[in-house]
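Chains, contacts and geometry: an overview
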Amino acid sequence: MCLVPCNAHHIMKEQKFEFSFDVYDNIDELKENDRDLLITARDATEKSYAPYSNFHVGAAAKMANGEIVSGSNQENASFPVGICAERVLLASASSHHPGVPIETMAISYQSKYMNSDHPISPCGMCRQALQEFESRTTKPIRLILGGMKGKIFVIASASLLLPLAFTSEELK
Ligand code: THU
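As a starting point, this report considers the structure included with it. All values reported here derive from a predicted model rather than from experimental measurement.

What follows deals with unusual backbone geometry. The phi dihedral of N54 is positive, around 55 degrees, even though this residue is not glycine. The residue N54 is located in the loop between α2 (32-44) and β2 (55-63) in this model. The phi torsion at L164 lies on the positive side, around 55 degrees, for a residue other than glycine. One can find L164 in the segment after β6 (152-155).

Here we take up the sheet that holds strand β3 (residues 68-72). The strand order across the open sheet formed by six strands is β1-β6-β5-β4-β2-β3, and the pairing between neighbours is mixed. Sheet topology places β1 (22-24) and β3 at the edges, where each strand pairs with a single neighbour. Adjacent strand axes in the sheet meet at a mean angle of 15 degrees, parallel and antiparallel pairs treated alike. The pairing of β2 with β3 spans five bridges and is classified as antiparallel. In the strand pairing of β3, A61 is matched with V69. Its contacts with the sheet place α2 against β2, β3, β4 (102-111), β5 (142-146) and β6, and it is angled at close to 45 degrees to β4.

Take the packing of aromatic side chains next. One pass over the structure, following the stated rule, counts five aromatic pairs. Between Y52 and F79, the aromatic rings sit 5.5 Å apart at their centres with planes inclined by 40 degrees, giving tilted as the arrangement. One end of the pair, Y52, is in the loop between α2 and β2; the other, F79, is in the loop between β3 and α3 (85-96), with 27 residues separating them in the sequence. We classify F79 as exposed; its relative accessible area is 59%. One residue, R136, lies across the ring of F133, its end atom 5.1 Å from the ring centre.

What follows covers the pattern of salt bridges. It is possible for side chains bearing opposite charge to pair when their charged atoms get close. In the structure shown here, the tally under the stated rule is four salt bridges. Here D25 ties to K151 by a salt bridge, and the two come within 3.0 Å at their closest N and O atoms. Of the two residues, D25 is situated in the loop between β1 and α2 and K151 in the loop between β5 and β6; the sequence distance between them amounts to 126 residues. On the accessibility criterion, K151 (40% relative accessible area) is partly exposed.

When you line up the elements, A106 lands in strand β4. For A106, a relative accessible area of 0% gives the class buried. Expressed as a C-alpha distance, the spacing of A106 and E170, which sit 64 residues apart in the sequence, is 30 Å. Not counting chain neighbours up to four residues away, the residues in contact with A106 comprise L37, L38, A41, G58, A59, A60 and I144.

Cut-offs and rules
Residues numbered from 1 in each chain as written. Predicted model: local features only at pLDDT ≥ 70, side-chain atom pairs only at ≥ 80, totals over all residues. Heavy atoms only, no water. Helix = DSSP H or I, 4+ residues; strand = E, 2+ residues; numbered from the N terminus. Pairing = 2+ DSSP bridges. Axes fitted to C-alpha atoms, helices over the stretch in contact; angles between N-to-C directions. Contact = heavy atoms within 4.5 Å. Phe/Tyr/Trp six-rings, centres within 6.5 Å; stacked < 30°, edge-to-face > 60°. Buried < 20%, exposed > 50% of the residue type's maximum accessible area, 1.4 Å probe, protein only. Lys NZ or Arg CZ within 6 Å of the ring centre and 35° of its normal. Salt bridge = Lys/Arg side-chain N within 4 Å of Asp/Glu carboxyl O.

Spelled out as C-alpha coordinates, the structure:
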(Lines give C-alpha, C1' and ligand atoms only; values in the text may rest on other atoms or scores of the structure.)
Protein backbone atom coordinates (compact mmCIF):
# COMPACT_ATOMS: atom_id res chain seq x y z
CA MET A 1 0.00 0.00 0.00
CA CYS A 2 1.14 3.52 -0.80
CA LEU A 3 1.64 5.66 2.29
CA VAL A 4 2.90 8.64 0.27
CA PRO A 5 1.49 9.95 -3.02
CA CYS A 6 2.11 7.03 -5.38
CA ASN A 7 3.78 8.93 -8.21
CA ALA A 8 6.57 9.97 -5.83
CA HIS A 9 8.04 6.46 -6.27
CA HIS A 10 8.27 6.95 -10.00
CA ILE A 11 9.83 10.41 -10.14
CA MET A 12 12.48 9.98 -7.45
CA LYS A 13 16.07 9.43 -8.61
CA GLU A 14 18.83 8.46 -6.24
CA GLN A 15 22.12 10.32 -6.49
CA LYS A 16 25.28 9.30 -4.80
CA PHE A 17 28.31 11.18 -3.51
CA GLU A 18 31.54 9.30 -2.89
CA PHE A 19 35.25 9.97 -3.04
CA SER A 20 38.50 8.13 -2.51
CA PHE A 21 41.53 9.29 -0.61
CA ASP A 22 44.98 7.96 0.19
CA VAL A 23 45.90 6.57 3.60
CA TYR A 24 49.52 6.30 4.74
CA ASP A 25 50.62 4.42 7.85
CA ASN A 26 53.01 7.15 8.95
CA ILE A 27 54.89 10.28 7.88
CA ASP A 28 57.90 8.32 6.55
CA GLU A 29 55.75 7.07 3.67
CA LEU A 30 55.15 10.62 2.35
CA LYS A 31 57.23 12.27 -0.38
CA GLU A 32 59.74 14.79 0.94
CA ASN A 33 57.73 17.97 0.16
CA ASP A 34 54.61 16.56 1.81
CA ARG A 35 56.60 15.38 4.81
CA ASP A 36 58.13 18.85 5.22
CA LEU A 37 54.71 20.50 4.98
CA LEU A 38 53.22 18.21 7.63
CA ILE A 39 56.21 18.92 9.89
CA THR A 40 55.59 22.67 9.40
CA ALA A 41 51.93 22.13 10.36
CA ARG A 42 53.01 20.18 13.45
CA ASP A 43 55.40 23.01 14.36
CA ALA A 44 52.59 25.56 13.86
CA THR A 45 50.60 23.89 16.67
CA GLU A 46 53.14 25.50 19.02
CA LYS A 47 51.97 28.96 17.90
CA SER A 48 48.31 28.23 18.63
CA TYR A 49 46.53 30.28 21.32
CA ALA A 50 44.09 27.77 22.77
CA PRO A 51 43.90 28.27 26.57
CA TYR A 52 40.19 27.33 26.63
CA SER A 53 40.09 24.08 24.66
CA ASN A 54 43.76 23.15 25.05
CA PHE A 55 43.38 21.75 21.54
CA HIS A 56 46.21 23.20 19.46
CA VAL A 57 45.80 23.04 15.70
CA GLY A 58 48.46 23.94 13.14
CA ALA A 59 48.14 24.31 9.38
CA ALA A 60 50.75 24.89 6.68
CA ALA A 61 50.23 25.56 3.00
CA LYS A 62 52.44 25.38 -0.05
CA MET A 63 51.30 28.12 -2.42
CA ALA A 64 51.52 28.08 -6.20
CA ASN A 65 54.23 30.79 -6.03
CA GLY A 66 56.36 28.50 -3.84
CA GLU A 67 55.70 30.37 -0.59
CA ILE A 68 54.87 28.46 2.59
CA VAL A 69 52.17 30.02 4.78
CA SER A 70 51.14 28.71 8.19
CA GLY A 71 48.34 29.30 10.67
CA SER A 72 47.14 28.13 14.06
CA ASN A 73 43.89 28.37 15.99
CA GLN A 74 43.45 31.60 17.96
CA GLU A 75 40.84 31.47 20.70
CA ASN A 76 39.07 34.15 22.74
CA ALA A 77 37.36 34.37 26.13
CA SER A 78 34.22 35.03 24.11
CA PHE A 79 34.39 31.53 22.61
CA PRO A 80 32.72 32.08 19.19
CA VAL A 81 35.28 34.80 18.44
CA GLY A 82 38.00 32.13 18.16
CA ILE A 83 39.24 31.18 14.70
CA CYS A 84 40.37 27.77 13.44
CA ALA A 85 43.90 27.26 12.14
CA GLU A 86 42.65 26.64 8.61
CA ARG A 87 40.82 29.96 8.32
CA VAL A 88 43.69 31.85 9.98
CA LEU A 89 45.88 30.35 7.26
CA LEU A 90 43.47 31.21 4.42
CA ALA A 91 43.17 34.82 5.61
CA SER A 92 46.93 35.13 5.89
CA ALA A 93 47.57 33.51 2.49
CA SER A 94 45.04 35.75 0.79
CA SER A 95 46.37 38.87 2.53
CA HIS A 96 50.04 38.24 1.75
CA HIS A 97 49.58 36.61 -1.66
CA PRO A 98 46.21 37.75 -3.03
CA GLY A 99 44.84 35.54 -5.79
CA VAL A 100 47.61 32.94 -5.49
CA PRO A 101 46.26 29.35 -5.34
CA ILE A 102 47.15 26.97 -2.53
CA GLU A 103 48.50 23.69 -3.86
CA THR A 104 48.58 21.67 -0.65
CA MET A 105 47.55 22.31 2.95
CA ALA A 106 48.72 20.12 5.85
CA ILE A 107 46.79 20.11 9.13
CA SER A 108 47.96 18.73 12.49
CA TYR A 109 47.14 19.12 16.17
CA GLN A 110 48.16 18.37 19.73
CA SER A 111 46.26 18.40 22.99
CA LYS A 112 47.22 17.85 26.58
CA TYR A 113 44.14 15.62 27.02
CA MET A 114 44.18 13.52 23.86
CA ASN A 115 46.70 11.52 21.92
CA SER A 116 47.62 13.10 18.60
CA ASP A 117 47.81 9.77 16.81
CA HIS A 118 45.20 10.01 14.03
CA PRO A 119 44.17 12.60 11.42
CA ILE A 120 41.62 15.33 12.15
CA SER A 121 39.53 16.84 9.43
CA PRO A 122 38.49 20.51 8.98
CA CYS A 123 35.27 21.67 10.68
CA GLY A 124 32.20 22.55 8.63
CA MET A 125 32.86 26.29 8.65
CA CYS A 126 36.42 25.76 7.41
CA ARG A 127 35.17 23.43 4.66
CA GLN A 128 32.98 26.28 3.43
CA ALA A 129 35.96 28.69 3.49
CA LEU A 130 38.24 26.16 1.78
CA GLN A 131 35.66 25.53 -0.94
CA GLU A 132 35.40 29.22 -1.79
CA PHE A 133 39.18 29.69 -1.76
CA GLU A 134 39.47 26.82 -4.25
CA SER A 135 36.77 28.17 -6.46
CA ARG A 136 38.09 31.73 -6.59
CA THR A 137 41.65 30.62 -7.32
CA THR A 138 40.31 27.87 -9.65
CA LYS A 139 42.70 25.27 -8.16
CA PRO A 140 42.01 22.36 -5.84
CA ILE A 141 43.59 22.49 -2.38
CA ARG A 142 45.12 19.08 -1.68
CA LEU A 143 44.86 18.20 2.03
CA ILE A 144 47.35 16.28 4.16
CA LEU A 145 45.73 15.37 7.49
CA GLY A 146 47.78 13.85 10.30
CA GLY A 147 48.47 14.03 14.00
CA MET A 148 51.90 14.21 15.65
CA LYS A 149 52.15 10.51 14.81
CA GLY A 150 50.07 7.78 13.19
CA LYS A 151 48.11 7.46 9.97
CA ILE A 152 47.90 10.23 7.39
CA PHE A 153 45.07 10.98 4.97
CA VAL A 154 45.72 12.72 1.66
CA ILE A 155 42.63 14.14 -0.03
CA ALA A 156 42.89 15.51 -3.57
CA SER A 157 40.61 18.51 -3.06
CA ALA A 158 39.12 20.16 0.04
CA SER A 159 35.78 20.57 -1.76
CA LEU A 160 35.33 16.80 -1.70
CA LEU A 161 34.58 17.24 2.02
CA LEU A 162 31.62 19.52 1.28
CA PRO A 163 29.17 17.89 -1.10
CA LEU A 164 26.20 19.98 -2.24
CA ALA A 165 27.97 23.11 -1.03
CA PHE A 166 26.26 26.50 -1.02
CA THR A 167 28.50 28.52 -3.29
CA SER A 168 28.93 32.02 -4.72
CA GLU A 169 27.19 30.70 -7.87
CA GLU A 170 23.90 30.91 -6.01
CA LEU A 171 24.32 34.66 -5.54
CA LYS A 172 24.83 35.48 -9.24
N1 THU B 1 39.96 23.80 15.48
C2 THU B 1 40.77 24.14 14.44
O3 THU B 1 41.55 25.08 14.52
N4 THU B 1 40.69 23.40 13.31
C5 THU B 1 39.94 22.26 13.17
O6 THU B 1 39.99 21.64 12.11
C7 THU B 1 39.10 21.81 14.28
C8 THU B 1 39.00 22.73 15.44
C9 THU B 1 40.10 24.55 16.72
C10 THU B 1 38.94 25.41 17.11
C11 THU B 1 39.12 25.50 18.61
O12 THU B 1 40.07 26.53 18.90
C13 THU B 1 39.75 24.17 19.00
O14 THU B 1 40.29 23.63 17.79
C15 THU B 1 38.79 23.18 19.62
O16 THU B 1 37.66 23.05 18.82
